[in-house]
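Architecture at a glance
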Amino acid sequence: DARDAEPVPVAGFASEALGGEGLAAVNEACSEERLVRALADGRPWVRRNAAAALGLRADLSAGAIGSLWVGLRDAAGDVAGAVLDALAALAGADGQILVDALLATPADAEQGALRVVVAVGADAQGPLARALQAPMALVRANAARGLELLGKKVGDAASTALHEAA
C-alpha cells in the first residue's frame, strides 16, 4: 500500500508544506528513488514535498522526470502545483526536458508540457524554437502551440500593464 511507504526522517514531511531548509534536508536524507516512490504515496503532503524536493535537484533521471510529468494529473491541487513548479524549475535549467515532453498527443501536451511552458515563460522560447525544426510533426505542432501560448501570456501581461498605467 502506498500509504505504508517508508518514512522520510524530516519533521513535517508528511503533514505540511516544507520550505527551503526542509526541502534541502529532504534532499540530503533521501535518494532520488525514494522521492520518486514518495510521489505515489497516499498522503498529499508526502507527494507535494517529494515533488518540491525533486524540483531542486540538478540532475534527475529520465524516470524521475517521467514520474513528475505523471504527477501533473494529481487530483490534489497542492501536489499538482508543486509538480508544475518542479518541472518548470527543471525545464528552465534544461530546455530539452520540454522538447522531450512535446512528443505527446495535443490533449496530453495541453495538460502537461504546455502548462510547464507557460510556467517557465520566456526561457522556454529557445527550446520551443529548436523544436520547430524537429523531424516529427507532432513535436513541431506542440512547439508551435507552446509559442502561441507564450505570446498570449506576454500579450496579456502587456495589456494588463497598459490598462493599469492608463
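What comes next is a walk through the structure. Note that the coordinates shown come from a computational prediction; the quantities given were computed from them, not determined experimentally. All residue numbers refer to position in the chain's written sequence, counted from 1. Owing to the predicted nature of the model, reporting of local features is limited to residues with pLDDT of at least 70; listing and counting of side-chain atom pairs is limited to 80 or more, with chain, interface and lining totals taken over all residues. The side-chain numbers reported here are obtained from all heavy atoms of the structure, hydrogens and water having been left aside.

1. Side note on the nonpolar core
Most often, soluble globular proteins keep nonpolar side chains buried together rather than apart. Val26, Leu68, Trp69 and Val116 are the most contacted members of the largest nonpolar core, which has 52 residues in total. Numbered from the N terminus, helices here are DSSP runs of H or I no shorter than four residues, and strands are runs of E no shorter than two. The element that contributes the greatest number of residues to this core is helix α5 (residues 77–93), accounting for nine residues. Take the buried Ala, Val, Leu, Ile, Met, Phe, Trp, Tyr and Cys residues and link them wherever side-chain atoms come within 4.5 Å; each set so joined is a nonpolar core. Each residue's exposure class comes from its accessible area (1.4 Å probe, protein chains only) as a fraction of the maximum for that residue type: buried when under 20%, exposed when over 50%, partly exposed otherwise.

2. Points about the side chain of aspartate 41
The residue aspartate 41 is located in the loop between α2 (32–38) and α3 (44–55) in this model. Assessed through its relative accessible area of 2%, aspartate 41 is described here as buried. Under this definition, polar contacts are N or O atom pairs within 3.5 Å; protein pairs additionally need one hydrogen-donor-capable and one acceptor-capable atom, and for neighbouring residues in sequence, both atoms have to be side-chain atoms. From its side chain, aspartate 41 meets the backbone nitrogen of arginine 43 in a polar contact 2.8 Å long.

3. Concerning the pattern of salt bridges
Whenever a carboxyl oxygen of Asp or Glu lies within 4 Å of a side-chain nitrogen of Lys or Arg, that contact is scored as a salt bridge. Scanning the model with the defined rule gives three salt bridges in all. Residue arginine 47 pairs with aspartate 74 through a salt bridge whose shortest N-O separation is 2.6 Å. With arginine 47 in helix α3 and aspartate 74 in the loop between α4 (62–71) and α5, the pair connects residues that are 27 residues apart, well separated along the chain. On the basis of relative accessible area, arginine 47 is assigned to the buried category, the value being 10%. Among the salt bridges present, the one from glutamate 148 reaches arginine 145, with a minimum N-O distance of 3.2 Å. Of this pair, glutamate 148 and arginine 145 both sit in helix α10 (residues 137–165), three residues apart, which is roughly one turn of that helix. A relative accessible area of 28% means that arginine 145 is categorised as partly exposed.

4. Some remarks on the packing of α4 against α5
In the contact formed by α4 and α5, the axes pass within 8 Å of each other and the chain directions differ by 140 degrees. Classified by the angle their axes make, α4 and α5 are oblique. At the point where α4 passes α5, the crossing takes the left-handed sense. Each of Ile65, Leu68, Trp69 and Gly71 in α4 lies in contact with α5, whose residues at this interface are Ala80, Val83, Ala86, Leu87 and Leu90. By residue class, the composition of the contact of α4 with α5 is eight nonpolar, one polar and no charged. Angles here are taken between N-to-C directions and fall from 0 to 180 degrees, while the axes themselves are lines fitted to C-alpha atoms, restricted in helices to the stretch in contact. An angle below 35 degrees is treated as roughly parallel, one above 145 as roughly antiparallel, one from 65 to 115 as roughly perpendicular, and anything else as oblique. Should the near helix be turned counterclockwise from the far one by less than a right angle, the crossing is left-handed, whereas a clockwise turn marks it as right-handed. Contacts are assigned to residue pairs with any non-hydrogen atoms lying within 4.5 Å of each other. For this classification, the nonpolar set comprises Ala, Val, Leu, Ile, Met, Phe, Trp, Tyr, Cys and Pro, the charged set comprises Asp, Glu, Lys and Arg, and every other residue, Gly included, is treated as polar.

Worth remembering: the numbers are spatial, not functional.
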